[in-house]
Amino acid sequence: MKRLAFALALAALGSFVACPMEPRDRPDIACADACKKTIFACTPHECDRGCAFVLDRLVEREQRTVLGCMERAPKCGDAEWADCAVKVGAHADGGPGVPPELPSEF
């Protein structure tokens, strides 16, 4: 009887470990789910990769803006994801300008 209980416990533990579950509320997973439903130019792999690539913007709550930009993008590559991530929120203006050159010592 003890062996049977041990075997069942071990089997239950093995099935739990073999089937990891990811929380659906992570920003990159929520983005990828939305991408797969709305952006038909992207494959599921490209949605997963792109949303992981722009995770910093997703944490800033810019998912809707980034995905809206991706809907208008001609392709679904890294360059398009990066371009859409740059054009949102406080980053939309391209950031500060180039600082002036330091005076020469000579």
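Going by the structure above, here's the rest.
A brief structural summary.

**Digging into helix α2 (residues 27-38)**
Over its 12 residues, α2 extends 16 Å from the first C-alpha to the last, a length consistent with the 16 Å expected when each residue adds 1.5 Å. Within the span of α2, buried status applies to Asp28, Ile29, Cys31, Ala32 and Cys35. The buried residues of α2 occupy an angular sector of 160° when the element is viewed end-on, so they sit on one face. Looking at the buried side of α2, the elements it contacts are α3 (44-53), α4 (55-59), α5 (63-72) and α6 (78-86).

**Thoughts on the state of the cysteines**
Applying the stated criterion across every chain yields a total of four disulfides. Between Cys31 and Cys51 runs a disulfide, and the two sulfur atoms are separated by 2.1 Å. Measuring handedness by torsion sign, the sulfur bridge of Cys31 and Cys51 sits at about -65° and is left-handed. Note that Cys31 is positioned in helix α2 and Cys51 in helix α3, a separation of 20 residues in sequence. Take Cys31 and Cys51: they sit in the same class, and that class is buried. For Cys69, the disulfide goes to Cys84, at an S-S distance of 2.1 Å. Its S-S torsion of about -75° marks the bond between Cys69 and Cys84 as left-handed, since a negative value means left-handed. Of this pair, Cys69 sits in helix α5 while Cys84 is found in helix α6, placing the two residues 15 residues apart along the sequence.

**Observations concerning the environment of Lys87**
Residue placement: Lys87 occurs in the segment after α6. Along the chain, Lys87 and Thr65 lie 22 residues apart, while their C-alpha atoms are 8.7 Å from each other. Reaching out from Lys87, the side chain makes a polar contact with the side chain of Asp83 at a distance of 3.0 Å.

Definitions and cut-offs
- Residues numbered from 1 in each chain as written.
- Predicted model: local features only at pLDDT ≥ 70, side-chain atom pairs only at ≥ 80, totals over all residues.
- Heavy atoms only, no water.
- Helix = DSSP H or I, 4+ residues; strand = E, 2+ residues; numbered from the N terminus.
- Expected span 1.5 Å × (residues − 1).
- Buried < 20%, exposed > 50% of the residue type's maximum accessible area, 1.4 Å probe, protein only.
- Arc of directions from axis to C-beta.
- Contact = heavy atoms within 4.5 Å.
- Disulfide = S-S within 2.5 Å.
- Polar contact = N/O pair within 3.5 Å; in protein donor to acceptor, adjacent residues only side chain to side chain.

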